[in-house]
Amino acid sequence: MTTRGEPRQILAPVGSGEVRIPAIVTVASGRTILFYDERPAPASGNGSDFNGLTMASDLPNPNKIRWMERTAVGEWSTPRDLPATLPAITSDACVGVDGDGFLHLACASSKGRVGYMDSRADGDRLQAILAWGPSPEDLRLTDLTDELYRETGADALFATSGSTVSFDGAVLIPYVVRVGEETHIRVVALRVGSIEWISDPLVGPEGVLLDETTLTVWDGRVVANCRLQGFEGRGAGGRYLAWGDGRSWAGGHLWKCEDPGCNAKAMGDLFVHPHSLSARERGAVLRLTPPWEGAVHAECVASLGVGGFGYSDALRSGDEAVVVFERDCGVWEAVVCVNEAAVS
């Protein structure tokens, strides 16, 4: 085990609900902030298991995005709510900091019970909400719904979960976009609460639909590491890696790997995900070879063992990374070594 101490639970569910979907980010002041979903028990099914609702257990069911701060000695503050000026949230958070030091939190809301599958460009739509400001205590609201639906031609769209990357001074937010029955990824560049540009559509190879995407900057390229669409946790069996300049895509590679279908975290050549085909478990930090050089090869540089490992996020500092992840309906933390040495 290459953790500094054993993984530990930092958030427990409230009653029969769940806490899920961590997103960890360092804001301009140097504070480390964790955003997460606090969810009531779903209307049916077993929480994070697929339950036949319109999308996931939080759409269109209500949930809260809450946050807490990690101290310099690794302790966590009491959870806090987002500002009351924000609308009711019905999605996860995607977070990043732009070149001007402004935190951007992209999420979704809805009026009524409209979700991703029944959202329509000319009818009730899933709303695209942006909260931005210098800190989580001081966020202002921008509604991106009309602009994003107009510019993308979408029937539905949502920002994918976790933290993301800054490039050319802008926060790059990956959105899953549905137009009719077709889906693709668009990267939306945001700065000081406004849209700077929207990328060309990123489409998977024939017969492969793309879903939640993690972005990184690797050797000067913007790299999208995409989950493959399918039933949750049933064995996606691969990821799609594409690269470009943030506006257009120069190439893509379908990487066949043990992946159950889950969000993940890319950090340059490092990739954090549940390394299993059968379930969301066996968390691992892998070092990848560049996809633009040919077939992708991976070595494990840190393992989190055989326990559950659902949606996750990570922050790297030198040879260590703080990894936050779902386990047992809660959120857990591990500090792992990510130096050049591989582990078995």
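Residues numbered from 1 in each chain as written. Predicted model: local features only at pLDDT ≥ 70, side-chain atom pairs only at ≥ 80, totals over all residues. Heavy atoms only, no water.

A.B. asks: How do you make sense of helix α1 (residues 145-152) when you look at a structure like this?
C.D. replies: Three or four residues apart is the spacing at which side chains of an α-helix point the same way, because the helix has 3.6 residues per turn. What α1 keeps buried is the set Thr-145, Leu-148, Tyr-149 and Thr-152. Down the axis, α1 shows its buried residues gathered within 95° of arc, on one side only. Exposed positions of α1 whose direction lies more than 90 degrees from the buried face are Asp-146 and Arg-150. Where the residues of α1 are buried, they touch β8 (127-135), β9 (138-143), β10 (156-159), β13 (170-179), β14 (182-191) and β15 (194-198). Just beyond α1, the residue with positive phi is Gly-153, at close to 70°. (Buried < 20%, exposed > 50% of the residue type's maximum accessible area, 1.4 Å probe, protein only. Helix = DSSP H or I, 4+ residues; strand = E, 2+ residues; numbered from the N terminus. Arc of directions from axis to C-beta. Contact = heavy atoms within 4.5 Å.)

A.B. asks: What is the right way to look at the environment of Ala-156 in this model?
C.D. replies: Looking at the element boundaries, Ala-156 is found in strand β10. Its relative accessible area of 0% is what places Ala-156 among the buried residues. As a C-alpha pair, Ala-156 and Asp-118 span 38 residues in sequence and 8.0 Å in three-dimensional space. Apart from the residues lying within four places of it in its own chain, the contact partners of Ala-156 are Tyr-116, Ser-119, Tyr-149, Val-176, Val-177 and Arg-178.

A.B. asks: Looking at this structure, how should I read the pairing of strand β21 (residues 270-274)?
C.D. replies: Look at any regular strand and the pattern is simple: side chains alternate between the two faces of the sheet. Counting buried residues along β21, 5 of its 5 residues qualify, which places the element largely inside the surrounding structure. Here β21 shows two buried faces, one formed by Leu-270, Val-272 and Pro-274 and the other by Phe-271 and His-273. For strand β20 (residues 265-267) and β21, the ladder comprises 3 bridges, and the chain directions are antiparallel. Directly across from Ala-266, in β21, lies its bridge partner Phe-271. The hairpin formed by β20 and β21 contains 2 residues between the paired strands, and Gly-268 there has a positive phi angle of roughly 60°. Pairing of β21 with strand β22 (residues 283-288), which is carried by 5 bridges, proceeds in the antiparallel orientation. Counted as the bridge partner of His-273 is Ala-284 from β22. (Pairing = 2+ DSSP bridges.)

A.B. asks: I tried to follow the nonpolar core on my own but got confused; where do I start?
C.D. replies: As a rule of thumb, soluble globular proteins bury nonpolar side chains together. In this structure, Leu-172, Tyr-175 and Leu-202 are the most contacted members of the largest nonpolar core, which totals 43 residues. A total of 7 residues in this core trace back to one element, the largest contributor, which is β13. Ignoring any residue separated from it by four or fewer positions in sequence, one finds Leu-172 in contact with Thr-164, Val-165, Phe-167, Val-187, Val-188, Ala-189, Trp-197, Leu-215 and Val-222. (Core = buried A, V, L, I, M, F, W, Y, C linked by side-chain atoms within 4.5 Å.)

A.B. asks: Sorry, what's going on with the pairing of strand β17 (residues 221-228) here?
C.D. replies: Among the 8 residues in β17, 7 count as buried, and that is most of the element. Of the strand pairs in this sheet, strand β16 (residues 210-218) and β17 are connected by 7 bridges, and their pairing is antiparallel. Its bridge partner lying in β17, Trp-218 is registered against Arg-221. Taking the residues that link successive antiparallel strands as the turn, the β16-β17 hairpin has 2 residues, and the phi of Asp-219 there is positive, at about 50°. Here β17 runs beside strand β18 (residues 238-244); their pairing, made up of 6 bridges, is antiparallel. Across the sheet, residue Val-222 finds its bridge partner in β18, namely Gly-244.

A.B. asks: Help me understand the sheet that holds strand β7 (residues 103-109), please; the structure alone is not making it clear to me.
C.D. replies: As a general point, the strands of a sheet are linked pairwise by backbone hydrogen bonds and lie either parallel or antiparallel. The sheet built from 5 strands is open, its strands ordered β9-β8-β7-β6-β11 with mixed pairing. Only two strands of the sheet have a single partner each, and these edge strands are β9 and β11 (162-163). Note that strand β6 (residues 94-97) and β11 share 2 bridges and pair parallel. In the sheet register, Cys-94 faces β11, and the bridge partner there is Gly-162.

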